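# Breakdown of the fold
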Amino acid sequence: MAGGALAQALALLVALTLAGPAPAVRAQTPVEPAPPAWAQTLDLGAQAFEAAYLILSRQHLRILPPRDLLQAAVNGLNLFLRDRGMAYIAVTLSGVESRDLPAVREAVARVGMRLGTPALALDAGHAAIEGMIRALEDPFTRLLHPTTGRQVQPAGYGGVGVVLDLTVHPPVVTQVTEGGPAQRAGVRRGDIVMEVDGRSTVGMPPQDVVRRLRGLPGTTVTIRLRRGGHDVVVTLVRELIGVTLTTYRRIETVGYMRLREFEQGAGEEAAAVLAELMRAPLTGVILDLRGNPGGYVEEAVRVASLFLAPGALVTTLVDRRGDRARYPAVPMPVRWSGPVVVLVDRESASAAEMVAGALQDAGAPVVGVRTFGKGTVQVTRRLPGGSVLRLSVARYLTPHGTLVDGMGIQPGIEAEAAGGAIGSDDDRALLAALQLLGARALGMQAAA
């Protein structure tokens, strides 16, 4: 995202704060001895608070005066003390950040020393951070503790159904997916992959081996394997492997794909699903984003790129200073240039609204009900002590410049599934999309 010299300097300051102390410099005069290790651990809450303050005050969408943000941190700290029956701590703020930030940091550090354990000292720092978050009044800015993280399952892809040990050269097959192309061709665990499409894997970067084995469903790849001192050559037809984010099917000559969320790998999986649907002639595609809460901007751009002309604008991000970053469609291994209809509902949010807005501005019909209206983008920053700060840093616009935040995407045709029965015979939104594509397909046939 664009930014001036001041923004770069502040970013460097934040990076240094998160990275820890700078390397030691030889001093010409005596310096005070470092505090004992136990005292350093009791200062962890103060470190986390200071890092969070620098991030929130420099990057969050909402600009609060430093005094207000620091006072909110003091309030949060005193709430923490009150809940434990401890005396409040008084901090007088001057309104000058260079004085007030060290004063509040010292207050958090004193509370940590008073509590006497690293865990409680860190809790005190988190209380000050939560106070600042409340002052920002942003439901999407949160402090995430290590125990609140969740595992993200890898998305599906077009491939042959093997897992490789890439720490050895050449790579070795460690797992063969049941029922996949590799198993049907007789590939076994322990086989050594010597060549992929005639290219030696000796010295090939691991990511290149994976990239050459993967590809669009329906395409072929030839692999030379070493097994027990003998070579075996197999030609495999790639298929969809491990689809986790998308459900899909053909409805006569219409391809239907429903994307659950925009987690990492969503773009690759959606491309593989689209390629699978396109293996037979299509008259249109329905992209169902109902119930999709969003995810990563980059994955939204990749999914939108499956249906947009190369280089077409997907979205524009606007930060707190008004600086703008444009995100155009990116090259994808497959693209559908025919008719597409997008389905949305009240739970379509964030990245789902970004894609729906991009395709709507490009002329694709959107069917359903007005979307959630979350038009902000969040990033994560790790804090000392292991917690993660998730904060809103930008708003996004559709290609035509429409603000989504608080507004949502308004469908051109309003319809929804009766009783939430998505995909059933009572799914009026799906029926409306099929009618749109049927009429358009008939129109094209008549003009041919």
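Predicted, not measured: the structure shown is a model, and the values here were computed from it. (Residues numbered from 1 in each chain as written. Predicted model: local features only at pLDDT ≥ 70, side-chain atom pairs only at ≥ 80, totals over all residues. Heavy atoms only, no water.)

Scanning the protein from terminus to terminus reveals 12 helices and 19 strands. The buried share of the protein, reckoned over its 448 residues, is 46%. Of the contacts formed within the protein by residues at least 6 apart in sequence, a portion of 69% connects residues at least 24 apart. Accessible surface computed for the protein: about 21,900 Å², of which carbon and sulfur atoms make up 54%. (Helix = DSSP H or I, 4+ residues; strand = E, 2+ residues; numbered from the N terminus. Buried < 20%, exposed > 50% of the residue type's maximum accessible area, 1.4 Å probe, protein only. Contact = heavy atoms within 4.5 Å. Areas by Shrake-Rupley, 256 points an atom, 1.4 Å probe, with all protein chains shown as cover.)

Cis rather than trans, the peptide bond between H169 and P170 has omega equal to -5°. By secondary structure assignment, the location of P170 is in the loop between strand 3 (162-165) and strand 4 (172-176). With a phi close to 50°, D197 is a non-glycine residue in the positive phi region. Among the secondary structure elements, D197 is positioned in the loop between strand 5 (192-196) and strand 6 (199-200).

A few words now on the sheet that holds strand 11 (residues 254-259). Strand order across the open sheet formed by 6 strands is 10-11-12-15-16-19, with mixed pairing between neighbours. With one partner strand each, in any of the chains shown, strand 10 (246-251) and strand 19 (413-414) form the two edges of the open sheet. In the sheet, strand 16 (residues 366-368) pairs with strand 19 via 2 bridges, with the strands oriented parallel. What sits directly across from G368, in strand 19, is E414. In the packing of helix 9 (residues 266-277) onto the sheet, the strands contacted are strand 10, strand 11 and strand 12 (284-288), and the crossing angle to strand 10 comes to about 15°. (Pairing = 2+ DSSP bridges. Axes fitted to C-alpha atoms, helices over the stretch in contact; angles between N-to-C directions.)

Take the pairing of strand 18 (residues 388-397) next. Among the 10 residues in strand 18, 8 count as buried, and that is most of the element. Bridge analysis of strand 1 (residues 142-144) against strand 18 gives 3 bridges, and the strand direction is antiparallel. Across the sheet, the residue bridging to L143 is L389, located in strand 18. When strand 13 (residues 313-319) meets strand 18, the two strands line up antiparallel, connected through 4 bridges. Pairing of V318 across the sheet is with R395, part of strand 18. In textbook terms, the turn of a hairpin is the stretch between consecutive antiparallel strands, and for strand 17 (residues 376-382) and strand 18 this stretch comprises 5 residues, one of which, G385, has a positive phi near 100°.

Tallied over the full model, the rule gives 0 aromatic pairs. The lysine or arginine in question, K374, covers the ring of F140, its NZ or CZ lying 4.8 Å from the ring centre. (Phe/Tyr/Trp six-rings, centres within 6.5 Å; stacked < 30°, edge-to-face > 60°. Lys NZ or Arg CZ within 6 Å of the ring centre and 35° of its normal.)

Along the polypeptide, T316 turns up in strand 13. We classify T316 as buried; its relative accessible area is 7%. Excluding residues within four positions of it along the chain, T316 makes contact with R324, A325, R326, R395, Y396 and L397.

Within the structure shown, the criterion is met by 19 salt bridges. As a salt-bridge pair, R227 and D191 come within 2.8 Å of each other at their nearest N and O atoms. Separated by 36 residues along the polypeptide, R227 in strand 7 (residues 220-227) and D191 in the loop between helix 7 (181-184) and strand 5 bring together distant segments of the chain. Between E195 and R224 there is a salt bridge, with the nearest N and O atoms lying 3.1 Å from each other. One end of the pair, E195, is in strand 5; the other, R224, is in strand 7, and 29 residues separate them in sequence. Through salt bridges with shared partners, a single network forms among E195, R224, R226 and D231. (Salt bridge = Lys/Arg side-chain N within 4 Å of Asp/Glu carboxyl O.)

Moving on, we get to the confidence of the model for the protein. Of all residues in the protein, 87% have pLDDT values of 70 or greater, and the mean over the chain is 87. Taken as a whole, residues 444-448 scores under 50 in pLDDT and shows 1 contact with residues more than four places along the chain or in a different chain. (pLDDT = per-residue confidence, 0-100.)

Our focus in this paragraph is the side chain of S350. Among the secondary structure elements, S350 is positioned in the loop between strand 15 (340-344) and helix 11 (351-361). Discounting chain neighbours no more than four positions away, the residues touching S350 are P293, G294, K374, T376 and Y396.

Right, let's get into the pairing of strand 15. Of all 5 residues that make up strand 15, 5 are buried, and the element is covered over most of its length. What you see with strand 15 is no split at all: V340, V342 and V344 on one side and V341 and L343 on the other are buried throughout. As paired elements, strand 12 and strand 15 share 4 bridges and run parallel to each other. Each bridged residue has a counterpart across the sheet, and for V285 the counterpart in strand 15 is V340.

What follows is about empty space enclosed by the protein. Gaps between atoms show up when a probe of the same size as a water molecule is rolled over them. Taken as a whole, this structure holds 1 cavity of 30 Å³ or more when the rule is applied. Approximately 40 Å³ is the volume found for the largest cavity. For the largest cavity, the full set of lining residues is V160, V162, L164, V173, V187, V193, L213, I223 and L225. Of all the elements in the fold, those that place two or more residues in the lining of the largest cavity are strand 3 and strand 7. A class-by-class count of the residues in the lining of the largest cavity yields 9 nonpolar, no polar and no charged. (1 Å grid on protein atoms, 1.4 Å probe; cavity = no way out; pocket = protein on both sides within 12 Å on 5 of 7 lines; lining within 4 Å. Points joined across faces, edges and corners; volume = space filled by probe spheres on them. Nonpolar A, V, L, I, M, F, W, Y, C, P; charged D, E, K, R; others polar.)

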